[in-house]
Structure formats: structure tokens, C-alpha cells
Amino acid sequence: MPKTELIMGMPISIEVVGEISEDIFADIFDYFRSVDKKYSTYKNNSEISYINKGLVKTSWSLEMKTVLKLCAQTKQQTDGYFDISHNGKLDPSGLVKGWAIQNAAQKIIGRGVDNFYIEAGGDIQTHGQNADNEPWRVGIRNPFDINEVIKILAISGQGVATSGTYVRGQHIYNPHNLNDNLNEVKSLTVIGPNIYEADRYATAAFAMGKKGIEFIESTKELEGYMVDDKQVATYTSGFERYVVDA
């Protein structure tokens, strides 16, 4: 059974095959709490909140500078569709979640654990195999009925991220057209070489609307599955190799 804690305003789950020291779980959950403490725009005493209140750049932590540089790189790599600037404030959450999951996975690997997965708010990093000695199974939910799984993926070592409005409502915007309600796409799932890549590109691609799946198709090492407002699915050319029967 996975161990789950509510951190960063979402359930974070870790499942490991075999017995491991309980302090590994504690260390990883503590790491996520430290990320939340630093990057949450909902905490008045977080570093990102202090930056948004005018903290001078010379006082920013090295890690914060690194993360904001990654955000700037992602903006450039996505033709500006990934943009953390909102009404003059910075919100790097569209990158931080995948970045933190990937860091947590590396910490677990560093403790000698081979077979596990981490899920945070629906974004997943897998490593190795599950208890049946097979790739991990990851379900894609129907955005029109979240109790229904419409695809099951076999994933080992990759990350899977889904962007959509069916759980959190409208929280992604098109920086090139702020009047775009992004109603045409209901969900976009991206498989990447790791969850950092999958998560940041899923956010950017969703902001592109229906052409987001074309962007995923054209980006090396990514595969995607989009469900539009007409309940029609469109997927990239290599996506089906991950799909398994229920």
C-alpha cells in the first residue's frame, strides 16, 4: 500500500516494492514540506512570496535562482506559452511540482531503492517495476467522468503528467491571449523521460489549446494524449506503445 500525506495542498503518495526503512518515507515527505514552505504562493512567509513583495535578487537563495532560471528556459523552449508571471507576480508552481517529484525520486534512488513510484496531485514518477515484476500501471481518467479510467499505461522509469480543468478548474492561461478561456481541451496527458519534463511541457501544451498535442508530437522524448470538449481523443504517434489492456 502507498503511504500518503497531504502536502502542498494535494495528496502525495509513495509506494515502494519490498521493505525499506520508515525514515526514507519521512525524509521524502519532509522534503516536499520544505518545497512547499519555499515556493507556495499561498504562504505569506515563503521565499516566493517575499520575492513577490519586493525581495531584492541578491537576497534570493541559490535554489530559487536555479528554479526561476529553469522557468525562463521553459518559457523560451515553449514559445512563451509557459509563463510564470501573473499580474506582476511570479508563480513557478507549473514547474516546481514536477521538479520536486523528480528530486524526491533521485533521493529515493540514492537510498538504494530500485522499485517505486511517487504521485503528487496526479503527476507520477515511476522507477523499476511493480510488485508483480511488471511496469507500473498508470491510469488516465475521463475528464467528463473522473471515476472512469479511459486508458491504462505501462510505465517504467518515465514520468506522466496531466493538465486539465476537470479537477482544479481553470488555473492555466494562454499568455499570448488572456481572453482565451482554453475550453477546447479538457485534459492533456504527457509521458516524458521523467516527471520534470512531462509536467512542465504538459502545462505549456495545455495553454496552447488544441495545437498543444502537435507541440508534444514535435518534441523529442514526449508522447501525449488529448481529450477535447467534444470527447474526442487525439494522441501522438508513439503513445500507443505504452497502452495496455485493462
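The text that follows walks through the structure, step by step, so that each part is easy to find.

Procedures and definitions
Residues numbered from 1 in each chain as written. Predicted model: local features only at pLDDT ≥ 70, side-chain atom pairs only at ≥ 80, totals over all residues. Heavy atoms only, no water. Helix = DSSP H or I, 4+ residues; strand = E, 2+ residues; numbered from the N terminus. Rg over C-alpha atoms; globule rule 2.2 N^0.38 Å. Areas by Shrake-Rupley, 256 points an atom, 1.4 Å probe, with all protein chains shown as cover. Pairing = 2+ DSSP bridges. Core = buried A, V, L, I, M, F, W, Y, C linked by side-chain atoms within 4.5 Å. Buried < 20%, exposed > 50% of the residue type's maximum accessible area, 1.4 Å probe, protein only. Contact = heavy atoms within 4.5 Å. Phe/Tyr/Trp six-rings, centres within 6.5 Å; stacked < 30°, edge-to-face > 60°. Lys NZ or Arg CZ within 6 Å of the ring centre and 35° of its normal. Axes fitted to C-alpha atoms, helices over the stretch in contact; angles between N-to-C directions. Polar contact = N/O pair within 3.5 Å; in protein donor to acceptor, adjacent residues only side chain to side chain. Expected span 1.5 Å × (residues − 1). Arc of directions from axis to C-beta.

Take the overall build of the protein next. When its secondary structure is counted, the protein shows 6 helices and 13 strands. Taken over C-alpha atoms, the radius of gyration comes to 18 Å for the protein, in line with the 18 Å a tight globule of 246 residues would show. Once the C-alpha set of the protein is aligned to its principal axes, its extents read approximately 50 × 45 × 30 Å. Of the roughly 12,500 Å² that the protein leaves accessible, carbon and sulfur atoms contribute 46%.

Quick look at the sheet that holds strand 7 (residues 136-142) now. Taken together, the 3 strands give an open sheet; going across it, the order is 7-8-13, and neighbouring strands pair in antiparallel fashion. Only two strands of the sheet have a single partner each, and these edge strands are strand 7 and strand 13 (243-244). Note: strand 8 (residues 145-155) against strand 13, 2 bridges, orientation antiparallel. The partner of Ile152 across the bridge, within strand 13, is Val244.

Another aspect to go through is the nonpolar core. Counting residues in each nonpolar core, the largest one holds 57 residues, and the members touching the most others are Ile14, Phe32, Leu95, Trp99 and Ile118. No other element matches helix 5 (residues 195-207), which puts 9 residues into this core. Apart from the residues within four sequence positions on either side, Ile14 is in contact with Pro2, Lys3, Phe25, Ile28, Phe29, Ile108, Tyr117 and Ile118. Formed by 13 residues, the second largest nonpolar core is a distinct cluster that contains Trp136, Val138, Tyr225 and Phe239.

Overall, the coordinates contain 7 aromatic pairs when judged by the stated rule. Ring centres of Tyr225 and Tyr235 lie 6.0 Å apart, and the angle between their planes is 10°; this geometry places the pair in the stacked category. Within this pair, whereas Tyr225 is found in strand 11 (residues 223-228), its partner Tyr235 is found in strand 12 (residues 233-235), the two being separated by 10 residues in sequence. Lying over the aromatic face of Phe25, Lys3 brings its terminal NZ or CZ to 5.3 Å of the ring centre. The ring of Tyr31 has Lys107 sitting right over it, with the charged end atom 4.9 Å from the ring centre.

Before going further, it helps to spend a moment on the sheet that holds strand 10 (residues 185-192). Here we have 8 strands laid out as an open sheet, ordered 1-2-5-6-9-10-11-12, and antiparallel in their pairing. Strands at the two margins of the open sheet, each flanked by one partner only, are strand 1 (3-7) and strand 12. Across the sheet, the mean angle from the axis of one strand to that of its neighbour is 10°, orientation sign disregarded. By the bridge criterion, 5 bridges tie strand 1 to strand 2 (residues 10-16) in an arrangement that is antiparallel.

Quick look at the environment of Ala204 now. Turning to its location among the elements, Ala204 is positioned in helix 5. In sequence terms Ala204 and Thr74 are 130 residues apart; their C-alpha atoms lie 8.6 Å from each other. In this structure, Ala204 is in contact with Thr78, Tyr81 and Phe82, ignoring residues within four places of it in sequence.

Burial within strand 2 is extensive, with 6 of its 7 residues counted as buried. Where strand 1 folds back on strand 2, the antiparallel hairpin that results is connected by 2 residues, among which Met8 adopts a positive phi of roughly 60°. In this sheet, strand 5 (residues 116-120) lies alongside strand 2 in antiparallel orientation, the contact comprising 5 bridges. Residue Ser13 lies in a different strand from strand 5, and its bridge partner there is Glu119.

Right, let's talk about the side chain of Ser49 for a bit. Of note, Ser49 is situated in helix 2 (residues 47-52). In this structure the side chain of Ser49 is engaged in a polar contact, spanning 3.0 Å, whose partner is the side chain of Ser46. Apart from the residues lying within four places of it in its own chain, the contact partners of Ser49 are Ser40, Thr41, Lys43 and Asn44.

Further remarks concern helix 1 (residues 22-39). Given 3.6 residues per turn, any residue in an α-helix points the same way as the ones three and four places further on. Over its 18 residues, helix 1 runs 26 Å from end to end, which matches the ideal 26 Å to within 8%, given 1.5 Å per residue. Among the residues making up helix 1, those that are buried are Ile24, Phe25, Ile28, Phe29, Tyr31, Phe32, Val35, Asp36 and Tyr39. Viewed along the axis of helix 1, the buried residues span an arc of 145°, placing them on a single side of the element.

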